Amino acid sequence: MRLPSLLWAALLLTVHAAAQPVGAQSESAVKAAFLYKFSAYVEWPARAFGGPEEPVVIAVVGDDAVASSLEQLIAGRPVEGRRITARRVGDGSAAESAHMLFVGKGAGSEILRLPPGAVLVVTDRGGPIPPGSVIDFSTDSGRVRFSVALDAAEARSLKLSARLLAVAQTVLGTQR
């Protein structure tokens, strides 16, 4: 998958901004920016969308600050030619129709027991990547970083761009 150089430059700017100490930007705004940019570097299977007009839906549970930042950030912005929407959810069942699920620190670990599906699960646990999570945020020396579990991506029929993997702090597994 070849992405326009403008999108690549935007991801690099986001990564550069995230590499700044969290005091320079709010941590929730940095995580929201990552979530938005992740959607451009993930290839969902065709069955994940009901049609070409269906938006990319990002569900957020357990972190209202990230949800608010994301709502502000994505207002009117498309990703890969699709509208993008954010939805606050209370549990995993409400997130099943989402394309991406962000599980904040305020959510219980039971949220990760979603049925298999083409949902990019992004967590904010900061330790080993939890089972079921594809991407996990951590903070290192005041900087927001992320790790990727390729086996979880494959289990969810998601393909992650090599460009996304290149900026991850840690990549576990191999992509086929």
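Look a little higher up for the structure.
Worth saying up front: this structure is predicted, and the values here are computed from it rather than measured.

Calculation rules
- Residues numbered from 1 in each chain as written.
- Predicted model: local features only at pLDDT ≥ 70, side-chain atom pairs only at ≥ 80, totals over all residues.
- Heavy atoms only, no water.
- Helix = DSSP H or I, 4+ residues; strand = E, 2+ residues; numbered from the N terminus.
- Buried < 20%, exposed > 50% of the residue type's maximum accessible area, 1.4 Å probe, protein only.
- Pairing = 2+ DSSP bridges.
- Salt bridge = Lys/Arg side-chain N within 4 Å of Asp/Glu carboxyl O.
- 1 Å grid on protein atoms, 1.4 Å probe; cavity = no way out; pocket = protein on both sides within 12 Å on 5 of 7 lines; lining within 4 Å.
- Points joined across faces, edges and corners; volume = space filled by probe spheres on them.
- Nonpolar A, V, L, I, M, F, W, Y, C, P; charged D, E, K, R; others polar.

### Notes on unusual backbone geometry
At step 1: Look at glutamate 80: it is not a glycine, yet its phi comes out positive at around 50°.
At step 2: Turning to its location among the elements, glutamate 80 is positioned in the loop between strand 3 (78-79) and strand 4 (82-88).
At step 3: A positive phi angle is found at serine 141, which is not glycine, with a value near 55°.
At step 4: With respect to the helices and strands, the residue serine 141 is situated in the loop between strand 7 (135-140) and strand 8 (143-149).

### Description of the pairing of strand 8
At step 1: Among the 7 residues of strand 8, 5 are classified as buried, and the element is accordingly described as predominantly covered.
At step 2: As paired strands, strand 7 and strand 8 are joined by 6 bridges and run antiparallel to one another. Bridge pairing in strand 8 links phenylalanine 137 to phenylalanine 146.
At step 3: Between the end of strand 7 and the start of strand 8, which pair antiparallel, lie 2 residues, with serine 141 showing a positive phi angle near 55°.
At step 4: Note that strand 8 and strand 10 (residues 170-172) share 3 bridges and pair parallel. Its bridge partner being in strand 10, alanine 149 is matched across the sheet by leucine 172.

### With respect to the pattern of salt bridges
At step 1: One pass over the structure, following the stated rule, counts 4 salt bridges.
At step 2: In this structure, lysine 31 and glutamate 27 form a salt bridge, with 2.6 Å as the shortest nitrogen-oxygen distance. Of this pair, lysine 31 and glutamate 27 are both found in helix 2 (residues 27-38), 4 residues apart, which corresponds to roughly one turn of the helix.
At step 3: The exposure class of lysine 31 is buried, given its relative accessible area of 3%.
At step 4: Among the charged side chains, a network of salt bridges with common partners joins Glu27, Lys31 and Asp124.

### A word on the layout of surface pockets
At step 1: There is about 150 Å³ of room inside the largest pocket.
At step 2: For the largest pocket, the lining is made up of 11 residues, of which Ser39, Val42, Glu43, Trp44 and Glu80 are closest to its centre.
At step 3: Residues belonging to the lining of the largest pocket are distributed by class as follows: 7 nonpolar, 1 polar and 3 charged.

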